[in-house]
Amino acid sequence: MMYRIRIISGEYKGRYIGRPFSGWGLITDPEARENPPVNINGAPFALHATEHGATQFFSANTEGVRTELKALGYESEAVEEVAAPKQNYVKIPTECPHCNAKQEVHVEARAGFAQMGSPQPVVCVKCEKGFEITVPV
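Quick summary incoming for the structure in this document. Just so it is clear, the structure is predicted and the values come from calculations on it, not from any experiment.

1. Quick word on the pattern of salt bridges
Applying the stated criterion to the full structure yields 3 salt bridges. Of the charged contacts in the structure, one is a salt bridge between Glu77 and Arg6, with a shortest N-O distance of 2.5 Å. With Glu77 in strand S6 (residues 76-80) and Arg6 in strand S1 (residues 2-7), the pair connects residues that are 71 residues apart, well separated along the chain. The exposure class of Arg6 is partly exposed, given its relative accessible area of 24%.

Okay, structure coming up:
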């Protein structure tokens, strides 16, 4: 299980623990340009305004980091990292031949080379009439 560590009190409440900020290099995150990370004196960490700059910690490592932060006066919490489900489908734009409603059909994605497959039945979301589309297999 992976976690991010967030400060829960004081001036930096809501900020996340991440790598220290050297001040050098290109900052590509617009949020970080307006609200740059703040280095923590006495620790190899910085306080980042968003999760984007936060370090992911294994569950076994979170308590050690949180203990170190507490010794420096920072109260924190471990926030469980929620992995977004992988998108395992492709969207195929199509139009109903009956009512001309434009819609996207979600088709399971498959690895390998795409070849034109046999016609697949589809039901229109607007008129609820069936029609067929040809999708890659």
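Additional details are given in the paragraphs that follow.
2. Let's talk about helix H2 (residues 59-71)
Among the residues making up H2, those that are buried are Thr62, Val65 and Leu69. One side of H2 carries all its buried residues, which in axial view fall inside an arc of 75°. Across H2 from its buried face, at more than 90 degrees, point the exposed residues Ala60, Thr67, Lys70 and Ala71. Residues of H2 that are buried in the fold lie against S1, strand S2 (16-18), strand S5 (57-58) and S6.

3. Here we look at the pairing of S1
Here 2 bridges tie S1 to S5, and the two strands are oriented antiparallel to one another. From the neighbouring strand, Met2 faces S5, where its bridge partner is Phe58. Two strands pair when backbone bridges link them, and S1 and S6 are joined in this way by 5 bridges, in the antiparallel orientation. Bridge assignment links Ile5 to a residue of S6, and that residue is Ala78.

The rules behind each value
- Residues numbered from 1 in each chain as written.
- Predicted model: local features only at pLDDT ≥ 70, side-chain atom pairs only at ≥ 80, totals over all residues.
- Heavy atoms only, no water.
- Salt bridge = Lys/Arg side-chain N within 4 Å of Asp/Glu carboxyl O.
- Helix = DSSP H or I, 4+ residues; strand = E, 2+ residues; numbered from the N terminus.
- Buried < 20%, exposed > 50% of the residue type's maximum accessible area, 1.4 Å probe, protein only.
- Arc of directions from axis to C-beta.
- Contact = heavy atoms within 4.5 Å.
- Pairing = 2+ DSSP bridges.

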